[in-house]
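Chain by chain, the residues:
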Amino acid sequence: MNCPHCKCLARLHSLHAAGLLFREHVYCCSNPYCGHNFILRSEVGRTLTPSKIPDPNVHIPISLRAARRRENKEKREACGPSKV
């Protein structure tokens, strides 16, 4: 990660879990003349491939593409085995 001000390398200083799906990363600029410290936030945004062992307490939106794939798979399974 680079400092948004001076563009020098910023080093990860610490990490704080702010929930099951959310983290805050504290970065410190390596440029002593800049001295900028900042927080980068990261979170789980959406599911691309559903878990095979889902936690019922975790609710992550499914991506539109993944939802379409799931619908197509369910339609194929409902039609029975394909003949080759």
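Residues numbered from 1 in each chain as written. Predicted model: local features only at pLDDT ≥ 70, side-chain atom pairs only at ≥ 80, totals over all residues. Heavy atoms only, no water.

## Re unusual backbone geometry
Here comes step 1: With phi around 70°, Lys7 is a residue other than glycine that occupies positive phi space.
Here comes step 2: Tracing the backbone shows Lys7 in the segment before β1 (10–17).
Here comes step 3: By relative accessible area, which is 55% here, Lys7 ends up exposed. (Helix = DSSP H or I, 4+ residues; strand = E, 2+ residues; numbered from the N terminus. Buried < 20%, exposed > 50% of the residue type's maximum accessible area, 1.4 Å probe, protein only.)

## Focus: the pairing of strand β2 (residues 22–29)
Here comes step 1: Across seven bridges, the pairing between β1 and β2 is antiparallel. In the sheet register, Arg11 faces β2, and the bridge partner there is Cys28.
Here comes step 2: The turn joining β1 and β2, which pair antiparallel and follow one another in sequence, is formed by four residues; a positive phi near 140° is taken by Gly19. (Pairing = 2+ DSSP bridges.)

## Focus: the side chain of Glu24
Here comes step 1: Structurally, Glu24 is set in strand β2.
Here comes step 2: Residues contacting Glu24, with those up to four places away along its chain left out, are Ser14, Leu15, His16, Ile39, Leu40 and Arg41. (Contact = heavy atoms within 4.5 Å.)

## Concerning the layout of surface pockets
Here comes step 1: Its volume calculated, the largest pocket comes out at about 260 Å³.
Here comes step 2: If you trace the largest pocket, you find it lined by Thr47, Thr49, Pro50, Ser51, Ile53, Pro54, Asp55, Val58, His59, Ile60, Ile62 and Arg70.
Here comes step 3: Here the residues of the lining of the largest pocket are counted per class, giving six nonpolar, four polar and two charged.
Here comes step 4: Of the volumes computed, that of the second largest pocket is approximately 200 Å³. (1 Å grid on protein atoms, 1.4 Å probe; cavity = no way out; pocket = protein on both sides within 12 Å on 5 of 7 lines; lining within 4 Å. Points joined across faces, edges and corners; volume = space filled by probe spheres on them. Nonpolar A, V, L, I, M, F, W, Y, C, P; charged D, E, K, R; others polar.)

## Description of the packing of aromatic side chains
Here comes step 1: Summed over all chains, the structure comprises one aromatic pair.
Here comes step 2: Considering the side-chain rings of Tyr27 and Phe38, the 5.7 Å spacing of their centres and the 10° angle between planes classify their relative orientation as stacked. Of this pair, Tyr27 sits in strand β2 while Phe38 sits in strand β3 (residues 37–43), and the two are 11 residues apart along the sequence. As far as the burial class goes, Tyr27 and Phe38 line up, both buried. (Phe/Tyr/Trp six-rings, centres within 6.5 Å; stacked < 30°, edge-to-face > 60°.)

## Regarding helix α1 (residues 64–78)
Here comes step 1: In this model, α1 (15 residues) spans 21 Å end to end at C-alpha, consistent with the 21 Å of a helix rising 1.5 Å per residue.
Here comes step 2: Where α1 terminates, the next one or two residues include Gly80, which has phi positive at roughly 90°. (Expected span 1.5 Å × (residues − 1).)

## Topic: the sheet that holds β3
Here comes step 1: If you walk across this open sheet you meet the three strands as β1-β2-β3, and the pairing is antiparallel. Since the sheet does not close on itself, it has two edges, and those belong to β1 and β3, each with one partner. Neighbour-to-neighbour, the strand axes of this sheet turn through a mean angle of 25°, independent of strand direction. (Axes fitted to C-alpha atoms, helices over the stretch in contact; angles between N-to-C directions.)

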